[in-house]
Amino acid sequence: MRSLRVQFIAFVTVLLVLLLVLLNTYPIISSRDAVLEEKRSSLTGQAAVLSSSLSSLDRLNRESIAEVLRFLDIGGFSRILVTDDEGLVLYDSGGPTGVVTDIPDVYTAITRSQTVFHPLFSDSAFSCGIAMPMSSQGAITGAVYLCEHDAERAEIILSFQSRIRTLSVVIGSFALLTACLFMALIMRRLRELVLSMRVVAAGDYSYRHPIRGQDEIAELGAEFNLLTERLESTEQQRRRFVSDASHELKTPLASIRLLADSIVQNEGMDPATVREFVTDIGNEAQRLQRTTEKLLSLSRLDDTTVKLTPEPVDVKQAALDALVFLRPLAKERQVHIHSELDEGCVVMATQDHIFQIIFNLIENAIKYNVPEGSVILRLQALEDTVQLSVEDTGIGIPEEDRPNIFSRFYRVDKARSREAGGSGLGLSIVHDAVLAYGGSITVGQNKPQGSRFVVSFPLATPEETGI
Ligand SMILES: Nc1ncnc2c1ncn2[C@@H]1O[C@H](COP(=O)(O)OP(=O)(O)O)[C@@H](O)[C@H]1O
Ligand SMILES: [Mg+2]
C-alpha cells in the first residue's frame, strides 16, 4: 500500500524544491543581468567617447593617449588599451607598448569594424571588456579596449544570494514540517475512522464514530454513522422478523404434531373424530402454506435486484376481480359491500400486485367487521393520481396501533386474526407493494365507526399506456 502520507509529502517536497530553486536562481540571474546591462551601456558610452576623441588626434602614441585620458578623466578601469589598425599596442595601462596585442576581441573589432562586449561574472567579481574600433574618415584606424573589474557589485549580489539560500532553507524546513504535521493530523483522523469501520464490520452496530470538526473527514464520519444506523435498524428488523416468522410457523406446526400424536396414540378413536382431527391438520397446513406464500411474496418485494416491470393496469377491473372472490366471505359474515368505481383509473404496476392490494384491504374490511356492517369501496381518478379508499363500519383500529399495522406479523387482536385465518402479513404486503410503484397509503378512522384505508397511485400517463 502506498501511504497517502508518503504521497502527499513527496508531492509537497517536489513542489517546495521547485519553488526554492526558482527563488534561488531567478532574482540572482535577473539582478546580475541588470548590472551587466548597465555595465554594457556605461562601457559603450565611455569607449565611444574615448574612441572619437582619439580619432581626432593626428598622431597616436603613448603620451598623446595618456593626455587624452587625463583630459577625459577616464578612470576606474582595470585595463585601458589602444591599438592601431594592425593590433599593435599604442597604449596599455597594464602592459608594454609596441607589441602586438593578444586580446582576440580587439582583432574582431578591427577586422569586422564592430564593437565587441564581453561580460563575465565569475565567483567574486564582474569583469567586463569592451573592444571598439576607431575610425577616421570612414577608415579603421585602430581600436580601444576597456576592461572593468567590479568586485563590489558582485559582493552585494553574492551576499544577497547567500541570504536567499539561508531563507530558503528556513522556509523549506518550516513548510515541510507544517505539511508533515498537518498530514499526521489528517492521517490520525482517517485511521480513527478506519478503526470505527472495523468495529462496525465486526458486528457492533451500536458503535458510533465520534465526530470532530466540520470538514470533509467529519462529513465522512457522519455519513458512516448514518450508514451504521441503517445497518443497525436493518439488523434489528431482520432479527425480529426471523423470530416472528419462526414463532408464526411454530404454532401451526405444534398443533399439527399434537393432532397427529392424538390420532396415533388413541387406537380406538372413532372414525368421525379421526376425520375431524385430520381436517384440522389440513387447515393448519393450509395456514402454513398461506403464511409461507405471503413471506415469499414479501421477500420478492424486498429484493431490489429483481426489477419490477410495471405495465398499465386497470384498477377497476382488478377491484371487480377481487370482489368476485370476496363476496362469498362477505355473505358468510353478513357484511354488505358497496362500490363506486370510476372508469379510466390506470396505473403502472403489475396486475398481481394491484389485485393483492385490493383483495387484502377488502378482506380485512370484511374480517374485522360486525354482522350487518358494510364496506364501501371507492375508486376515483383525481388530477394525476388514482385514489382507492376502503371504508368499513367494523371494529376499527385503536389509534396507538395504527402506526404498526403495516409491520410484519403485527396484529391488534391476535386471537381474532388467527381465528379468521390471518397471519399479520397482509397489510405488510399491501404497504410494500404500494411503495414499490410510487404510491402511498394512509389509515384513519371511519365515521362513526370502523377504519378507512386510502391508497394513492400516480395515474399512468398517455405515453406509458401507449394510447
Ligand atoms: N379494516 C380493519 N379493521 C380493523 N382492524 C384491522 C383492519 N385491517 C387490519 N386490521 C388490523 O391490522 C392487523 C394486520 O392486518 P393484516 O396485516 O392484514 O393481517 P391479518 O389480516 O392477517 O391479521 C390485523 O390483525 C387487524 O388487527
Ligand atoms: Mg389481512
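Summarising the element assignment, D92 is placed in strand β2 (residues 89–92). One polar contact links D92 to R79, side chain to side chain, over a distance of 2.9 Å. One polar contact links the side chain of D92 to the main-chain amide nitrogen of G94, over a distance of 2.8 Å. Sequence-distant contacts of D92, that is, excluding residues within four places in its chain, are made with R62, R79, I80, L81 and T97.

Turning next to the pairing of strand β11 (residues 385–392). Counted residue by residue, β11 has 6 buried out of 8 residues, so it is predominantly covered. Summarising the sheet, strand β10 (residues 374–381) and β11 pair through 7 bridges and their orientation is antiparallel. Across the sheet, residue L377 finds its bridge partner in β11, namely V390. One ladder, built from 7 bridges, connects β11 with strand β13 (residues 451–458); its direction is antiparallel. Looking at β13, one finds that V390 is bridged to F453.

Paired through their backbone hydrogen bonds, the strands of a sheet run either parallel or antiparallel. Overall, mixed pairing links the 5 strands, which are arranged β8-β10-β11-β13-β12 in an open sheet. Every interior strand has two partners, whereas the edge strands, β8 (336–341) and β12 (440–445), have only one. With strand direction ignored, the average angle separating the axes of adjacent strands in the sheet is 10°. Helix α7 (residues 315–333) rests against β8, β10 and β11 of the sheet, and its axis sits at about 175° to β8. Its contacts with the sheet put helix α8 (residues 351–367) on β8, β10, β11 and β13, and the angle it makes with β11 is roughly 20°.

To continue, consider the nonpolar core. Counting 46 residues, the largest nonpolar core has I354, I358 and F457 as the members making the most contacts within it. Each of domain 2 (216–302) and domain 3 (311–465) contributes no fewer than three residues to this core. When neighbours within four sequence positions are excluded, I354 is seen to be in contact with V313, V315, A318, V347, A349 and F457. Counting 26 residues, the second-largest nonpolar core is a separate cluster that includes L43, L50, Y91 and F126.

The next subject is the domain arrangement of the chain. Taken as a whole, the chain is organised into domain 1 (4–157), domain 2 (216–302) and domain 3 (311–465). Here domain 1 and domain 3 have C-alpha centroids that lie 105 Å from each other.

Before going further, it helps to spend a moment on unusual backbone geometry. P448 follows K447 through a cis peptide bond whose omega is -10°. In this fold, P448 is placed in the loop between β12 and β13. Here the phi dihedral of Q334 falls at roughly 55°; this positive angle occurs in a residue that is not glycine. A positive phi angle is found at F409, which is not glycine, with a value near 70°.

Turning to helix α10 (residues 426–436), a few remarks are in order. When you tally the buried positions in α10, you get 8 out of 11 residues, the bulk of the element. Residues of α10 that are buried: G426, L427, S428, I429, V430, D432, A433 and V434. On the buried face of α10, the contacting elements are α6 (271–302), α8, β12 and β13. Note on α10: the residue one or two positions beyond its end, G438, has a positive phi of about 75°.

Sheet analysis places strand β1 (residues 79–84) next to strand β6 (residues 139–150), joined by 6 bridges and oriented antiparallel. If you follow V82 over to β6, its bridge partner there is V144. Relative to β6, strand β5 (residues 125–136) runs antiparallel, the two sharing 11 bridges. Directly across from S127, in β6, lies its bridge partner H149. Remark: 2 residues form the turn of the hairpin made by β5 and β6, two consecutive strands paired antiparallel; Q137 in that turn has positive phi of roughly 45°.

Here the largest pocket defines a volume of roughly 680 Å³. Every residue lining the largest pocket is counted, 27 residues in all, and those nearest its centre are R290, E293, K294, F359 and N360. Those elements giving two or more residues to the lining of the largest pocket turn out to be α6, α7, α8 and α9 (414–419). When residues in the lining of the largest pocket are grouped by element, the largest group, 8 residues, is from α8. The residue inventory of the lining of the largest pocket, partitioned by class, reads 10 nonpolar, 6 polar and 11 charged. Built from parts of two domains, the lining of the largest pocket gets at least three residues from each of domain 2 (216–302) and domain 3 (311–465). Here the second largest pocket is characterised by a volume of approximately 520 Å³. As for the second largest pocket, its lining consists of 17 residues, and the residues nearest its centre are Q237, R240, F241, S407 and R408. Elements with a minimum of two residues in the lining of the second largest pocket: α5 (216–265), α6 and α10. Per element, the largest residue contribution to the lining of the second largest pocket is 6 residues, and it comes from α5.

In this section: the environment of V106. As for its position among the elements, V106 is in helix α3 (residues 104–112). Excluding its chain neighbours within four sequence positions, the residues that come into contact with V106 are L81, T83, T101, A131, A143 and Y145.

Attention shifts here to the site of ligand 1. In the vicinity of ligand 1 lie 21 residues, with Y368, S417, S423, G424 and L427 positioned nearest. Between G426 and ligand 1, the recorded distance is 3.3 Å, taken from a backbone N or O atom to an oxygen atom. One of the side-chain N or O atoms of S451 is found 3.3 Å from a nitrogen atom in ligand 1. For ligand 1, whose unbound accessible area comes to 530 Å², protein coverage reaches 98%. In this structure the site holding ligand 1 corresponds to the largest cavity. Contributing elements (two or more residues each) for the shell around ligand 1: α8, α10 and β13. When residues of the shell around ligand 1 are assigned to their parent elements, the largest contribution, 3 residues, is made by α8. Tallied by class, residues from the shell around ligand 1 come to 9 nonpolar, 8 polar and 4 charged.

About the cut-offs
- Residues numbered from 1 in each chain as written.
- Chains lettered and ligands numbered in written order.
- Predicted model: local features only at pLDDT ≥ 70, side-chain atom pairs only at ≥ 80, totals over all residues.
- Heavy atoms only, no water.
- Helix = DSSP H or I, 4+ residues; strand = E, 2+ residues; numbered from the N terminus.
- Polar contact = N/O pair within 3.5 Å; in protein donor to acceptor, adjacent residues only side chain to side chain.
- Contact = heavy atoms within 4.5 Å.
- Buried < 20%, exposed > 50% of the residue type's maximum accessible area, 1.4 Å probe, protein only.
- Pairing = 2+ DSSP bridges.
- Axes fitted to C-alpha atoms, helices over the stretch in contact; angles between N-to-C directions.
- Core = buried A, V, L, I, M, F, W, Y, C linked by side-chain atoms within 4.5 Å.
- Domains from an automatic or database assignment.
- 1 Å grid on protein atoms, 1.4 Å probe; cavity = no way out; pocket = protein on both sides within 12 Å on 5 of 7 lines; lining within 4 Å.
- Points joined across faces, edges and corners; volume = space filled by probe spheres on them.
- Nonpolar A, V, L, I, M, F, W, Y, C, P; charged D, E, K, R; others polar.
- Near = heavy atom within 4 Å.
- Areas by Shrake-Rupley, 256 points an atom, 1.4 Å probe, with all protein chains shown as cover.
- Sits in = over half its atoms within 2 Å of the grid points.

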